[in-house]
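Listed below are the residues making up each chain.
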There are 2 protein chains.
Amino acid sequence: MSLLIPKSPSGPTLEALNEVEQNQLEKPHGESLNDFTSKSSYTNKSTKASVDCRRNTASLKGCHFCSARMRYTSSGIGSSEEDDSESSTEVGDPNHVSDTQGNCNVSSDKDEKIGVGSKFCNACDYWNPVDEENVNIRQLTRYSNGTIKLRNPHINFMDQDILYHLALGSESHDLIEMFHDVKFVCIGGTPKRMEEFAYYIMKEIDYKIPAGTQLLDISQYSYRYSMYKTGPVLSISHGMGIPSVSILLHEVIKLMYHAKVCDPIFFRIGTCGGIGIDGGTVIITEEALNSDLKSYQELTVLGKKVRRPGKLDKRLCDELLGISRETQEPYDTVSGKTMCTDDFYEGQGRLDGAFCDYSEKEKMSYISHLQRSGVTNIEMESLAFAALTHHAGIRAAVVCVSLLDRIRGDQVLAPKEVLNEWQRRPQKLVARYIKKQLGLVPHRRSPTIPELSSPCQCPHTTVMPVKSPRRITMVQQESQSYD
Amino acid sequence: MSLLIPKSPSGPTLEALNEVEQNQLEKPHGESLNDFTSKSSYTNKSTKASVDCRRNTASLKGCHFCSARMRYTSSGIGSSEEDDSESSTEVGDPNHVSDTQGNCNVSSDKDEKIGVGSKFCNACDYWNPVDEENVNIRQLTRYSNGTIKLRNPHINFMDQDILYHLALGSESHDLIEMFHDVKFVCIGGTPKRMEEFAYYIMKEIDYKIPAGTQLLDISQYSYRYSMYKTGPVLSISHGMGIPSVSILLHEVIKLMYHAKVCDPIFFRIGTCGGIGIDGGTVIITEEALNSDLKSYQELTVLGKKVRRPGKLDKRLCDELLGISRETQEPYDTVSGKTMCTDDFYEGQGRLDGAFCDYSEKEKMSYISHLQRSGVTNIEMESLAFAALTHHAGIRAAVVCVSLLDRIRGDQVLAPKEVLNEWQRRPQKLVARYIKKQLGLVPHRRSPTIPELSSPCQCPHTTVMPVKSPRRITMVQQESQSYD
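Not measured: the values here are computed from a predicted model.

Asks: Please explain the relation of the copies chain B and chain A as it appears in this structure.
Replies: Note on the chain copies: they are related by a rotation about an axis and a translation along it. When chain B is fitted onto chain A, the two copies agree to an RMSD of 0.0 Å after a turn of 180° and an axial shift of 0.0 Å. In symmetry terms, the pair is related by a two-fold rotation axis. When you check the interface residues of chain B against chain A, 100% turn up at the interface there too, and the contact is symmetric in its surfaces.

Structure, rendered in structure tokens:
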């Protein structure tokens, strides 16, 4: 089998990342970028140092999370000392209150730096992320040919990158041969649903596999996720909740990098509870909110809080809405805000968990509050999906079908046939988008999703390109070891 | 088949819960309980009301989360008005600063009450849980015969309680017939591991099944969790992360209630990363910590923060340690604090995720900090497992094997055979405990865990006691609908 792209050592290094930063310094894209990359005026101390706050509107930014103003730098891993050693000579900024005045202290301690361009604000005790509005994320996440660049300089120094939970490895499997042609990554809850989707999309895009073969669960030896590939489309199960989808996305994004995939588009297709939305309605997420109705994911990295915006691709959302309008299906397709919770029962105000300390009236009051806040639906994965894909510069959309209107109750009452048809609706919409992108007839009525064939019985290694059989065995066993 | 306990309507009602509260009021258990259940001095307002702060040391408690002192009551769902209408006549408490003094305002608004005995503190904006140290949790979570009582009065008013993610229902399946004899619930990450454990424990406790039969995945139609039953032992997979294990525990605790199980003991058996602990060491969790190294789980319920302690059963931990000492295995078994994270990569300080904005030195500094803080291991489920079982009054333990020492690296380097043997160690310890509890020979050397037989092909409904075939179909289809 021939390789479309020669397998040569590549990928981001510490130097490469520094080069990116240097490019930002030398070639600012737009006025605001200049703000972001301006050199700072930190005093050079090995411990936390208060900012010498001078008037320099070009380099001062408001903290993302509190009112305190602080200074961004382009520092991070491998950043030079010059940011710390160069002191400003400009006059003090009246809006910037110094340490002793108790308003804003920006640490310049290298041990506390999280992220290229990120900054720690002592006033609110949070790490500020890269100024996503102003930095060209594409610079950080793509090579010039459009292939994925990782925001992790360490990967390239590893002997092998084992994708534990996918049962794949960068030096055991020929990932370029296997995955280089991927253009769309579709993820959803259960292995069964994603196997169904794989067979459905195979028919929709008229993807042929040789007679006598069937689709293989590529990640079967991880015993966690299931992954099917039908030409340019990956179909993967993600389990339940943010941690499960986070592990998957870390490894799938790395898979895109190793396979040198160009500009993949990610979809989450699933189910949700609607808020004032009828069961059967397809909902495309505009932005993902946490349980506090804030549009960011908060995670703890080396003991520090990091917040990442729950942003999804606006243009992709509009394109999906446009396709839904063209096809005139007998059900609504809408867009709105999606609340993402860490719990199915109390976290979503259900009355039927093992614990419930509130009344139905209190629950309804809360659901009404969500509706007034613009929440259209609730599920459990969108926030991490949005935050991680956005951080990786990947265009992404969440398309779910509402199984019920939570204003009217907690129980799913629709009969089996109706539920099955509802669950195919997000799949149909995403399939239409994929067909359109591939230049296939976009508006043909989708046929019924075919029944599943029986699971593959073929030995795993006979149907995947192998670089090292010994290492494949090692990857499989290590993958099986992790929870 | 005969029922050991007649199937009659039972379970906690609003009245039952009120009765419990009344019992607390009438029959205080110990001095401190008196503090907790003393009637409050709230003014009777339908909106938030500042506490009329008087000297009454018996009824005043410090807020669990901030220094403000506040007053607990026994109010909650269905609580009477008397708590709110009765005003104290005692003199003001100098330690208790009123609303206008900006220190502590305790809301008495019924719409904001979360939990029997819980209280909202306006000073720190958190719900205080039931005072777990002082309340007899057993009263809240057990009937007099030892069967599970739910802390949810709504369940008994439902036509049927569908355990969506287990593909079981209270009126479709005869849950008493199926599960009444359960004494131990063992949960772990993957379906494969828990199927292996089911066959292993079957052999260990010499549990016989009829010739020509094999174990069935009871929850196969949920396509999420796998559940196997071998006599008194349930073996269930829980997926990855807190949300996934939370959904499972809500439903398993309800299953214990519906099946009228007496005092079940829960175990999580799994893998983890050790901190200064050699790979292969078995670690029993003393308490579970979140990423901030605090021993509570924080969740959002109806928009309010609720914290539940990450406590595990001390006696059970000691018993397991005792058994490990008796058996003199050629590896260590220790106990310690377990940090539970929501992310496998950045959340655990790994360098090999899709994103990494810190250096190896910074990572090692963080891992060392964890070690100095007494953390022995890291995994992703213990906190919810501890918090939910503790809240349900269920004795529980987390027993994991360390796959590596994170002080030395991030990669699992042990060969397959070694890893397989390591993963059986927590299973062997739990199996010994179970055998001891069942009065079987406790110290016989455990045989090698047998190889898996092929998955069950039997039709689901032919091997489970059925109350209503129509409702079983409905439960299966609804269960398949949820993510």
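Next, the rest of the story.
Asks: I tried to follow the interface of chain B and chain A on my own but got confused; where do I start?
Replies: Where the parts come together, the accessible area they lose is often given as the size of the interface. Taken together, the contacts link 92 residues of chain B with 94 residues of chain A. Counting the surface lost from both chain B and chain A, the interface buries some 7,800 Å², and carbon and sulfur atoms represent 57% of this. Note that Glu-346 of chain A and Arg-308 of chain B form a salt bridge whose closest N and O atoms lie 2.6 Å from each other. Linking chain B to chain A there are 18 residue pairs in polar contact (both at pLDDT 80 or more). Take the side of chain B that touches chain A: its biggest share by element is nine residues, from helix H7 (residues 242–258) of chain B. Looking at the side of chain B that touches chain A residue by residue, the class counts come to 39 nonpolar, 25 polar and 28 charged.

Asks: Help me understand the packing of helix H7 (residues 242–258) of chain A against helix H10 (residues 382–391) of chain A in this model?
Replies: Packed helix pairs are characterised by how far apart their axes lie and by the angle those axes make with each other. All names here are of chain A. Two numbers describe how H7 lies on H10: the axes approach to 8 Å, and their chain directions differ by 25°. By the angle between their axes, H7 is roughly parallel relative to H10. Once H7 is placed against H10, the crossing between them reads as right-handed. For the pair formed by H7 and H10, the contact residues are Ile-242, Val-245, Ser-246, Leu-249, His-250 and Ile-253 on the first element and Leu-383, Ala-384, Phe-385 and Leu-388 on the second. The class makeup of the residues in the contact of H7 with H10 is eight nonpolar, two polar and no charged.

Asks: Explain the nonpolar core to me, please; I cannot follow it from the model alone.
Replies: Generally speaking, a soluble globular protein has its nonpolar side chains buried in company with each other. Among the nonpolar cores identified, the biggest contains 57 residues, and Leu-168, Phe-179, Leu-255, Met-256 and Phe-266 of chain B are the most heavily contacted of them. Once residues within four sequence positions are removed from consideration, Leu-255 of chain B is found in contact with Leu-163, Leu-166, Leu-168, Leu-175, Phe-179, Met-227 and Leu-234 of chain B. In this structure, Val-245, Ile-283 and Ala-392 of chain A together with Phe-344 of chain B belong to the second largest nonpolar core, which totals 55 residues.

Asks: Looking at this model, I keep getting lost on helix H9 (residues 360–372) of chain B. Mind explaining?
Replies: Residues separated by three or four positions in an α-helix point in the same direction, a consequence of the helix having 3.6 residues per turn. Residues and elements named next belong to chain B. End to end, H9 covers 18 Å across 13 residues, agreeing with the expected 18 Å (1.5 Å per residue, within 8%). Of the positions making up H9, those classed as buried are Glu-362, Lys-363, Tyr-366, Ile-367 and Leu-370. Taken end-on, H9 shows its buried residues confined to a sector of 135°, consistent with a single buried face. Facing away from the buried side of H9 by more than 90 degrees, the exposed set consists of Lys-361 and Arg-372. Looking at the packing, one finds that the buried side of H9 touches strand S15 (333–340) and strand S16 (375–379). Just past H9, the residue Gly-374 takes up positive phi, approximately 90°.

Asks: It is not clear to me how the UniProt feature "domain: Nucleoside phosphorylase" (unreviewed entry) in chain A should be interpreted in this structure. Could you clarify?
Replies: As recorded in UniProt, the sites labelled "domain: Nucleoside phosphorylase" (unreviewed entry) are residues 183–435 of chain A. Between the C-alpha atoms that bound residues 183–435 of chain A the distance is 12 Å, and the span itself is 35% helix and 27% strand.

Asks: Looking at this model, I keep getting lost on unusual backbone geometry. Mind explaining?
Replies: For residues that are not glycine, phi is negative in most cases, and the peptide bond is trans in most cases. Of note in the backbone geometry, Lys-260 of chain A takes a positive phi value of approximately 55° without being a glycine. With respect to the secondary-structure elements, Lys-260 of chain A resides in the loop between H7 and strand S11 (265–274). One non-glycine residue, Gln-328 of chain B, adopts positive backbone phi at about 50°. Mapped onto the elements, Gln-328 of chain B comes out in the loop between helix H8 (314–327) and S15. Judged by its relative accessible area of 66%, Gln-328 of chain B falls in the exposed class.

Cut-offs and rules
- Residues numbered from 1 in each chain as written.
- Chains lettered and ligands numbered in written order.
- Predicted model: local features only at pLDDT ≥ 70, side-chain atom pairs only at ≥ 80, totals over all residues.
- Heavy atoms only, no water.
- Least-squares fit on C-alpha atoms with pLDDT ≥ 70 in both.
- Contact = heavy atoms within 4.5 Å.
- Buried area = accessible area lost by both parts, 1.4 Å probe.
- Salt bridge = Lys/Arg side-chain N within 4 Å of Asp/Glu carboxyl O.
- Polar contact = N/O pair within 3.5 Å; in protein donor to acceptor, adjacent residues only side chain to side chain.
- Helix = DSSP H or I, 4+ residues; strand = E, 2+ residues; numbered from the N terminus.
- Nonpolar A, V, L, I, M, F, W, Y, C, P; charged D, E, K, R; others polar.
- Axes fitted to C-alpha atoms, helices over the stretch in contact; angles between N-to-C directions.
- Parallel < 35°, antiparallel > 145°, perpendicular 65-115°, else oblique.
- Left-handed = near helix turned anticlockwise from the far one by under 90°.
- Core = buried A, V, L, I, M, F, W, Y, C linked by side-chain atoms within 4.5 Å.
- Buried < 20%, exposed > 50% of the residue type's maximum accessible area, 1.4 Å probe, protein only.
- Expected span 1.5 Å × (residues − 1).
- Arc of directions from axis to C-beta.
- UniProt positions renumbered as here; feature names shortened; annotations may be inferred.

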